[in-house]
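Chain by chain, the residues:
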Amino acid sequence: MSAPEDRAAVEAVAVTRRFGSFTAVDAVTMTVEPGEVVGLLGANGAGKTTLMRMLLGLLPTSEGTVRLLGGPPNRERRRNIGYVPQNLGLYRDMTLLENLQFVAGTYGTPVPRLDDDLARYTDVLVGSMPLGAQRQAAFVAALSHRPRAVLLDEPTSGVDALARARLWDTIREQSDAGVGVLVTTHYMQEAQQCDRLLLMSHGRLVAQGSEKDVIGDTRALAVRTDDWAAAFTALDAAGVAVILDGRAVRVADAAPGEVRALLAAAGLRADVESVPATIEERMLVLAREGDADRASGAAPAADDRRAHSG
Ligand SMILES: Nc1ncnc2c1ncn2[C@@H]1O[C@H](COP(=O)(O)OP(=O)(O)OP(=O)(O)O)[C@@H](O)[C@H]1O
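Parameters and conventions
Residues numbered from 1 in each chain as written. Predicted model: local features only at pLDDT ≥ 70, side-chain atom pairs only at ≥ 80, totals over all residues. UniProt positions renumbered as here; feature names shortened; annotations may be inferred. Helix = DSSP H or I, 4+ residues; strand = E, 2+ residues; numbered from the N terminus. Buried ≥ 20, exposed ≤ 12 C-beta atoms within 10 Å, placed from the backbone. Near = placed C-beta within 6 Å. Nonpolar A, V, L, I, M, F, W, Y, C, P; charged D, E, K, R; others polar. Pairing = 2+ DSSP bridges. Axes fitted to C-alpha atoms, helices over the stretch in contact; angles between N-to-C directions. pLDDT = per-residue confidence, 0-100. Contact = placed C-beta atoms within 7 Å. Parallel < 35°, antiparallel > 145°, perpendicular 65-115°, else oblique. Core = buried A, V, L, I, M, F, W, Y, C linked by C-beta atoms within 7 Å. Domains from an automatic or database assignment. Right-handed = clockwise from strand over helix to strand, strands pointing away.

(A) Spotlight on the UniProt feature "domain: ABC transporter" (unreviewed entry) in the chain. Per the UniProt record, the feature "domain: ABC transporter" (unreviewed entry) sits at residues 10-227. Secondary structure content for residues 10-227 is 30% helix and 29% strand, while the C-alpha to C-alpha distance between its ends is 49 Å.

Below, the structure written as structure tokens:
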């Protein structure tokens, strides 16, 4: 039998979750190894939180097996897990210190020390703290019992770039210490900081690996034009997957000729160049493929089925 530190921090094998006739998570197989930071990406409603809740044993699976630190997610194993849910899991009507005392009491561990940034909120109600400080506090609470695996559901959502960087320092410190981290995020710069990515679309795991693996040979179009706002409006109205990044107009999943014709029809002069896609554009393509599959009632593409088993 493998030593506890060799076992996957979290593992799902062909896990499905249905709510009535709706399948929120569909035959997902994945692992997070000790010391690894794995990013779980996908559009709103892709099934990320549902998967996380099953991994934690907070939600039963409809099918498939979940393992935490080598076994079923029972009470004892959950003591070695840290979890920051989207709503942070802190009592907003208790002070920061009261929250930390509560957590320490639950785990039988000392009340964690606060750094200077957080110490000033010791006696402040959590609901009155700035969001960045609340998120930092949620990390302190979730890590106070030195967990061996950490699951973070959009841990940096809504905080400024500096606070995000601080939270990522904490995530890295954890993985350097051998903790396996699963983190959902909508920020693509954060996805780039992960050791490995899992992409979900409509409940399915549709791609995984490094950023390069996930993007594969997907291409996008860079549209250069003086009238970027009109170009965006025209392409959006035509139903193509257009993205505005600052003033840069990009299109995922469309042929250059089609985009040139749409822009010309709108009376716009533009250069259209095929370039490697970003991860965000890859996600958009996968989500649209999933939408099309659902609309036609088709089975997942062969690539998707491969992703399920790996
Ligand atoms: N208890 C529930 N009952 C019915 N449907 C649910 C339930 N929980 C989740 N769902 C549905 O399952 C799908 C996946 O939801 P989930 O919260 O896992 O997505 P997500 O990828 O975490 O999205 P987000 O990025 O918005 O948090 C959604 O369509 C959601 O409405």
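(B) View of unusual backbone geometry. Of note in this structure, L88 is not a glycine but carries a positive phi near 75°. Tracing the backbone through its elements, the reader meets L88 in the loop between β5 (81-84) and α3 (96-107). The exposure class assigned to L88 is buried, which follows from the 20 C-beta atoms found within 10 Å. With a phi close to 60°, D253 is a non-glycine residue in the positive phi region.

(C) Spatial organisation of the site of the ligand. Looking at the ligand, the residues that line it are F19, A24, G42, N44, G45, A46, G47, K48, T49 and T50. No other element matches the three residues that helix α1 (residues 48-55) contributes to the shell around the ligand. Class assignment for the residues of the shell around the ligand results in three nonpolar, six polar and one charged.

(D) The arrangement of the sheet that holds strand β1 (residues 10-19) in detail. Spatially, the three strands line up as an open sheet ordered β2-β1-β4, and their pairing is antiparallel. Two strands close off the open sheet at either side, each with one partner strand: β2 (22-32) and β4 (63-68). Here the strands of the sheet are splayed against their neighbours by 20° on average, with no regard to which way each runs. Inspection of the sheet shows β1 paired to β4 by five bridges, in the antiparallel sense.

(E) The pairing of strand β11 (residues 241-245), seen in detail. Pairing analysis gives five bridges linking β11 to strand β12 (residues 248-252), with the strands arranged antiparallel. Residue pairing for β12: I243 is matched across the bridge by R250. What sits between the antiparallel neighbours β11 and β12 is a turn of two residues, in which G246 has the positive phi angle 65°.

(F) Region of interest: the sheet that holds strand β10 (residues 219-224). Ordered by their spatial adjacency, four strands build an open sheet running β11-β12-β10-β13, and the pairing between neighbours is antiparallel. The open sheet is flanked by β11 and β13 (271-276), the only strands paired with a single partner. The sheet shows a mean angle of 30° between the axes of neighbouring strands, taken without regard to direction. As paired elements, β10 and β13 share six bridges and run antiparallel to each other.

(G) Up close: the confidence of the model for the chain. Of the residues in the chain, 93% reach a pLDDT of 70 or more, and the chain-wide mean stands at 87. Predicted confidence for residues 299-310 stays below pLDDT 50, and this span has 15 contacts to residues more than four positions away or in other chains. Prediction confidence for the complex, expressed as pTM and ipTM, is 0.85 and 0.96 respectively.

(H) Just the packing of helix α5 (residues 131-143) against helix α6 (residues 161-176), in detail. One way to put it is that α5 packs onto α6 with a least axis distance of 10 Å and a crossing angle of 10°. As the angle between them shows, α5 and α6 are arranged roughly parallel. Residues G132, R135, Q136, F139 and L143 of α5 form the contact with α6, whose own contacting residues are A163, R166, L167, T170 and Q174. Counted by class, the contact of α5 with α6 contains four nonpolar, four polar and two charged residues.

(I) Here's a closer look at the nonpolar core. L55, A149, L151, V181 and L199 are the most contacted members of the largest nonpolar core, which has 83 residues in total. When residues of this core are assigned to domains, at least three fall in each of domain 1 (4-211) and domain 2 (214-301). Setting aside residues up to four positions removed in sequence, A149 forms contacts with A9, V10, V32, L68, L69, N80, I81, V179 and G180.

(J) Just the pairing of strand β7 (residues 180-184), in detail. Counting buried positions over the five residues of β7 gives five, a clear majority of the element. Along β7, one buried face is formed by G180, L182 and T184 and the opposite face, lined by V181 and V183, is buried too. In terms of strand pairing, strand β3 (residues 37-41) meets β7 through four bridges, oriented parallel. Considered in β7, the bridge of V37 is made with V181. Sheet topology places strand β6 (residues 149-153) next to β7; five bridges connect them, and they run parallel. What sits directly across from L152, in β7, is V183. In this fold, β6 hands off to α6, which returns the chain to β7; that crossover is right-handed.

(K) Representation of the domain arrangement of the chain in the model. Here the domain parsing of the chain yields domain 1 (4-211) and domain 2 (214-301). Placing the centre of domain 1 and that of domain 2 at their C-alpha centroids yields a distance of 33 Å. Contacts between the two partners involve 14 residues from domain 1, matched on the other side by eleven residues from domain 2. Residue assignment for the side of domain 1 that touches domain 2 shows that the elements contributing at least two residues are α7 (188-191), β8 (196-201) and β9 (204-209). Ranked by the residues each element gives to the side of domain 1 that touches domain 2, the list is headed by β9, at five residues.

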